[in-house]
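Remarks on the overall topology
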Amino acid sequence: MNFKNTLSIGLMLFALFFGAGNMIFPPLLGQAAGTNLWPAIIGFLITGVGLPLLGVTAAALNGGDFEKISARVHPMFGIIFTLVLYLSIGPVFAIPRTGTVAFEISVIPFLNKELASNNASLFLYTIVFFGVTYWLSRNPSKLVDRIGKVLTPALLITIAVLVAKAIFSPMGSIPEPSEAYSASPFFKGFIEGYLTLDALAALVFAIVVFTAIKNFGITNPKTIAITTIKSGIIAVIALMLVYLSLAYLGATSASVVGEVENGGQILAISANHYYGIFGTIMLGLAITLACLTTSIGLVTSCAEYFNKLWPKISYQKFVLITSVFSMLVANVGLTQLINISLPVLMMIYPIAITLIILSFLDRYFGSARSVYIGGVLGTGIVSILDGFVFAGFAGENVKQILSSTLPLYSNGVGWVVPALIGVVIGYVFSLRQKQNDELARKAS
């Protein structure tokens with residue numbers, strides 16, 4: 001693999017990661033953090049960029065197959081959890097959301113109130129959006145050419161045009177930080193980056209990167225793994241640069257934009273401020289490209305995984321099934337999708353992070369299954385309860401108990417300490433099991 005081809009794969013991976021949500025988070029963080037921008041954005045980058053790189057690396061070291069990691073808990077758990085992961089980050093939640101976000105930000109601003117509120121508008125748009133997704137996803141061997149060499153440069157150029165004036169001609173001075181970012185801006189940014197959910201996407205996209213590398217004629221597993229990691233580094237460097245520029249745009253926007261509810265409003269007003277109607281069109285193009293590339297990557301990843309589980313159904317048929325199903329789900333609407341998806345993602349995301357970290361530490365505890373079981377149990381009990389609380393299925397007393405008994409729960413990472421306790425218990429159990437096995441061997 002020469003550098004040019006690795007760069008193309010890295011840019012493809014960046015585009016797969018970079019959805020509309022990734023454009024909206026940094027500007028809002030920048031505006032809210034104000035003069036505490038740098039510690040906040042550093043915390044954001046650690047989890048918003050560092051975790052996805054860890055995810056890609058973990059998957060690369062395991063043949064691009066996250067099921068191999070999760071199966072260390074139990075083979076059946078490996079199948080079920082990986083399937084739930086692909087469904088959640090795929091046709092049930094994440095893929096439909098790409099279509100609805102693109103419609104909300106790229107199309108609605110150009111429609112009158114009657115058309116914007118008409119369900120037929122969203123339906124027609126999603127037919128086109130997922131039709132293009134289906135067409136570009138049918139042949140995964142062409143993804144590098146279509147995304148890495150065409151769509152990604154177009155996306156980067158559009159973003160660069162949007163933020164260039166903000167960097168060289170700021171809208172105003174950086175304000176004082178909001179209350180949320182005044183006390184501990186680093187940890188607040190850290191949690192915000194954790195909530196981008198790109199670590200889950202990394203586990204899903206690894207299979208696309210593996211396929212792209214193999215299409216260059218590379219068959220050596222070690223070379224494929226190394227190239228995947230290099231591509232991941234390129235992708236996260238691009239992510240980091242975009243995050244920094246968008247956060248700076250948000251930090252300098254307060255005097256013109258004012259206080260807003262989300263980063264999409266910051267981008268929309270900033271684009272119009274600098275470029276007028278042309279800026280609104282550019283923003284719509286950037287959002288559409290970001291959503292489309294993410295949709296293509298997720299459809300491709302899911303179709304390849306489902307084809308591996310059920311090889312009698314062709315990859316192309318799974319692409320069609322996934323695209324059509326995602327189009328139908330997208331018409332539920334963005335708000336409803338977010339309300340339904342967030343509790344589920346809150347349940348599975350911490351478990352995935354725990355498995356990723358344990359996969360890097362695997363050699364230090366001899367791949368002991370009890371360590372994986374302990375870590376996943378400790379994490380899963382808290383994350384599942386947290387998901388129920390967020391969904392409103394658990395009473396307020398459950399939330400109060402969790403808040404009062406679990407360290408870091410108020411920061412959104414209450415699962416960390418139970419996970420560590422589970423890992424320690426599992427490790428002690430594995431040592432005792434080894435001692436018993438050794439005594440039995442000597443006795444025989």
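All values derive from a computational prediction rather than experimental measurement.

Basis of the calculations
Residues numbered from 1 in each chain as written. Predicted model: local features only at pLDDT ≥ 70, side-chain atom pairs only at ≥ 80, totals over all residues. Heavy atoms only, no water. Helix = DSSP H or I, 4+ residues; strand = E, 2+ residues; numbered from the N terminus. Buried < 20%, exposed > 50% of the residue type's maximum accessible area, 1.4 Å probe, protein only. Core = buried A, V, L, I, M, F, W, Y, C linked by side-chain atoms within 4.5 Å. Contact = heavy atoms within 4.5 Å. Polar contact = N/O pair within 3.5 Å; in protein donor to acceptor, adjacent residues only side chain to side chain.

1. Section: the side chain of Thr379
Mapped onto the elements, Thr379 comes out in helix α18 (residues 369-391). Using a relative accessible area of 0% as the deciding quantity, one classes Thr379 as buried.

2. So, unusual backbone geometry
Glycine aside, negative phi is the norm for most residues, and most peptide bonds take the trans geometry. Phi is positive for Ser367, close to 60 degrees, though the residue is something other than glycine. Topologically, Ser367 is positioned in the loop between α17 (334-361) and α18. At Leu408, a residue that is not glycine, the phi angle is positive and equals roughly 70 degrees. With respect to the helices, strands and loops of the structure, Leu408 is situated in the loop between α19 (396-405) and α20 (416-443). By relative accessible area, Leu408 is classed as partly exposed at 40%.

3. Topic: the nonpolar core
Core analysis: the biggest nonpolar cluster contains 128 residues, and Met12, Phe17, Phe18, Met23 and Leu355 have the highest contact counts within it. Here the element with the most residues in this core is helix α15 (residues 277-309); it accounts for 15 residues. Those residues in contact with Met12 that lie beyond four places of it in its chain are Leu143, Val144, Ile147, Gly148, Thr152, Val208, Val209 and Ala212.

4. Details of the side chain of Asn62
Within the element layout of this structure, Asn62 appears in the loop between α3 (37-60) and α4 (66-70). The class of Asn62 is buried, set by a relative accessible area of 11%. There is a polar contact of 2.6 Å between the side chain of Asn62 and the side chain of Arg72. Setting aside anything within four residues of it in sequence, one finds Asn62 in contact with Lys68, Ile69 and Arg72.

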